[in-house]
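Residue-level structural notes
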Amino acid sequence: MIEVTNLHKSFNGEEILKGITTTFDRGKTNLIIGTSGSGKTVFLKCLLGLFTPEQGEICYDGNKYSELDEEEQRNLREKMGMVFQGSALFDSMTVEENIMFPLMMFTKQKKEEMLERVHEAITRVNLENANNKLPSEISGGMQKRVAIARAIVTRPKYLFCDEPNSGLDPRTAIVIDNLIKEITEEYDITTVINTHDMNSVMEIGEKIIFLKNGHLEWEGDKSQIFKTDNKAVTDFVYSSNLFKKVRDAQLKGL
Ligand SMILES: Nc1ncnc2c1ncn2[C@@H]1O[C@H](COP(=O)(O)OP(=O)(O)O)[C@@H](O)[C@H]1O
Ligand SMILES: [Mg+2]
C-alpha cells in the first residue's frame, strides 16, 4: 500500500502538483487519469522517487520516504518496477537481454539464476518464442510485453506504468491492460497506472483518481465514474464520442 499525503511539486516556481492526498492499495490496479498536462507523469515520477516533492509525504507499506536513509531509499527503489511510455527498450539488445538488464544492474545473481528469472518472466507474458529477437523485429504489443517482463523480473512490490497501452490498437491495448491486472493480482503488487484511455478505465479501473491541473479532483471506481456529476470528470469521460453516444442512447431509452 502506498499512502500519499499533501504532495506538492513545483518546477521553476510553477506548482505542478498542488497538495495531493490519496492511497493506492496492494493487489489492485490503481489508475491515475486526467487530460494531458494534468500532472500524471510528474506524480508517477514522485512515486518512483525520481522527483523530490517540496512538501508532503509518500509512505510505502509503512515506510515514510523522507525518513529513509540513502541505502534504505535505494533498497526501496529496487522493489519498484516501471513500464515507461513507449516501452523504452534497448534497440540493440535482444528480448532476453532487455529483460535481464535490471537483474544485471541491481543484483549479484549468477548467470543461471538470472536466466531462470528471465525465462519465468518471459513465460508469464507469453513471449516464449521471441527470446532472441530484437525489439524492431516484434510488434508493438509484443514490445509492451517485453517492457512488462522487464519491470516484473526483479519481483517488485510496486509497479508503475505510464500510459502502458499508448500507440496500441484497441484490442491489443485491452490485452495489455488485462495482463497488468492479472500480474498485479497474482504477485500481490501495488500497481499505479497513468492513462487517458477510457477503455482502460472500463477494463481495469479498480481505483481511479482523477487529476485536474495538479489537484485531485475526484476519486472512485469504474462504476462510480459513470454516476458522478463532477463536470471535469464527465467532460473527460464523454470526450470520447462512443461513450457520449451510449449515454445519449440511454437517455432516449434506446
Ligand atoms: N521536468 C520538468 N520540468 C519542468 N516542467 C515540467 C517537467 N515535467 C513536467 N513538467 C510540466 O508539468 C506539467 C504536467 O506534466 P505531466 O505530468 O507530464 O502531465 P501528464 O502526464 O498528465 O500529461 C506540464 O505543464 C509540464 O510542462
Ligand atoms: Mg504523461
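First, a word on what this report is: a plain description of the structure on this page. (Residues numbered from 1 in each chain as written. Chains lettered and ligands numbered in written order. Predicted model: local features only at pLDDT ≥ 70, side-chain atom pairs only at ≥ 80, totals over all residues. Heavy atoms only, no water.)

**A short note on the pairing of strand S2 (residues 14–24)**
Keep this limit in mind: Strands pair, by our definition, only if DSSP identifies at least two bridges between them. Runs of H or I in DSSP of at least four residues are treated as helices and runs of E of at least two as strands, each being numbered from the N terminus.
Sheet analysis places strand S1 (residues 2–11) next to S2, joined by eight bridges and oriented antiparallel. The residue bridging glutamate 3 from the neighbouring strand is threonine 23, located in S2. Remark: two residues form the turn of the hairpin made by S1 and S2, two consecutive strands paired antiparallel; asparagine 12 in that turn has positive phi of roughly 45°.

**Remarks on the site of ligand 1**
In plain terms, the rule: Proximity is defined per residue: if any heavy atom of the residue lies within 4 Å of a molecule or strand, that residue is considered near it. By the criterion applied in these results, polar contacts are pairs of N or O atoms within 3.5 Å in which, for protein atoms, one can donate a hydrogen and the other can accept it, and in which residues neighboring in sequence qualify only through two side-chain atoms. Where accessible areas are quoted, they stem from the Shrake-Rupley method and a 1.4 Å probe; at the residue level, only the protein chains shown are allowed to cover. For this classification, the nonpolar set comprises Ala, Val, Leu, Ile, Met, Phe, Trp, Tyr, Cys and Pro, the charged set comprises Asp, Glu, Lys and Arg, and every other residue, Gly included, is treated as polar.
In the neighbourhood of ligand 1, the contacting residues comprise Phe11, Ile16, Thr35, Ser36, Gly37, Ser38, Gly39, Lys40, Thr41 and Val42. Between glycine 37 and ligand 1, the recorded distance is 2.7 Å, taken from a backbone N or O atom to an oxygen atom. Protein chains shield 60% of the accessible area of ligand 1, which is 560 Å² for the free molecule. No other element matches the three residues that helix H1 (residues 40–47) contributes to the shell around ligand 1. The class makeup of the residues in the shell around ligand 1 is three nonpolar, six polar and one charged.

**Regarding the packing of helix H3 (residues 95–106) against helix H4 (residues 111–124)**
Basically, it comes down to this: For helices, the fitted axis covers only the stretch in contact; all axes are lines through C-alpha atoms, and the angles between them, taken along N-to-C directions, range from 0 to 180 degrees. Roughly parallel means an angle under 35 degrees; roughly antiparallel means over 145; roughly perpendicular covers 65 to 115; every other angle is labelled oblique. Less than a right angle of anticlockwise turn of the near helix away from the far helix marks a crossing as left-handed, whereas a clockwise turn marks it as right-handed. Contacts are assigned to residue pairs that have any heavy atoms within 4.5 Å of one another.
Running from amino to carboxyl end, H3 crosses H4 at an angle of 120°, the nearest separation of the two axes being 9 Å. Overall, the two elements H3 and H4 adopt an arrangement that is oblique. Here H3 runs over H4; the crossing is right-handed. Where H3 abuts H4, its residues Val95, Glu96, Ile99, Met100, Leu103 and Met104 lie against Lys111, Met114, Leu115, Arg117, Val118, His119, Ala121 and Ile122. The class makeup of the residues in the contact of H3 with H4 is ten nonpolar, one polar and three charged.

**A word on the side chain of glutamate 57**
Let me state the cut-off plainly: Accessible area is worked out with a 1.4 Å probe on protein chains only. A residue is then buried under 20% of its type maximum, exposed over 50%, and partly exposed in between. Charge convention: Lys and Arg are scored as positive, Asp and Glu as negative, and His as well as the terminal groups of each chain are ignored. Every case where a carboxyl oxygen of Asp or Glu lies within 4 Å of a side-chain nitrogen of Lys or Arg is listed as a salt bridge.
As for its placement among the helices and strands, glutamate 57 is situated in strand S4 (residues 55–60). Although glutamate 57 lies buried, it forms no salt bridge, and the closest oppositely charged side chain, lysine 64, sits 5.5 Å away as judged by the N-O distance. Among the polar contacts listed, one links the side chain of glutamate 57 to the side chain of serine 66, at a separation of 2.5 Å.

**Here's the deal with the layout of surface pockets**
Any space left empty among the atoms is revealed by the rolling of a water-sized probe across them. For the record, the criterion: The pocket and cavity definitions rest on a 1 Å grid over protein atoms only: a 1.4 Å probe that fits but cannot leave marks a cavity, an open set with protein on both sides within 12 Å along at least five of seven lines marks a pocket, and residues lining either have an atom within 4 Å of a point. Grid points are joined across faces, edges and corners, and a volume is the space filled by probe spheres set on the points.
There is about 540 Å³ of room inside the largest pocket. What lines the largest pocket is a set of 18 residues, among which Arg77, Met80, Met82, Phe84 and Phe106 lie closest to the centre. Going through the elements one at a time, helix H2 (70–77), strand S6 (80–83), H3 and helix H5 (140–152) are the ones with two or more residues in the lining of the largest pocket. With four residues, H3 is the largest single contributor of residues to the lining of the largest pocket. Across the lining of the largest pocket, the residue classes break down as twelve nonpolar, two polar and four charged. Here the second largest pocket defines a volume of roughly 200 Å³. Lining the second largest pocket are Cys46, Gly49, Phe51, Thr52, Pro53, Gly56, Glu57, Ile58, Tyr60, Tyr65, Ser66 and Gln73. The leading source of residues in the lining of the second largest pocket is S4, at four residues.

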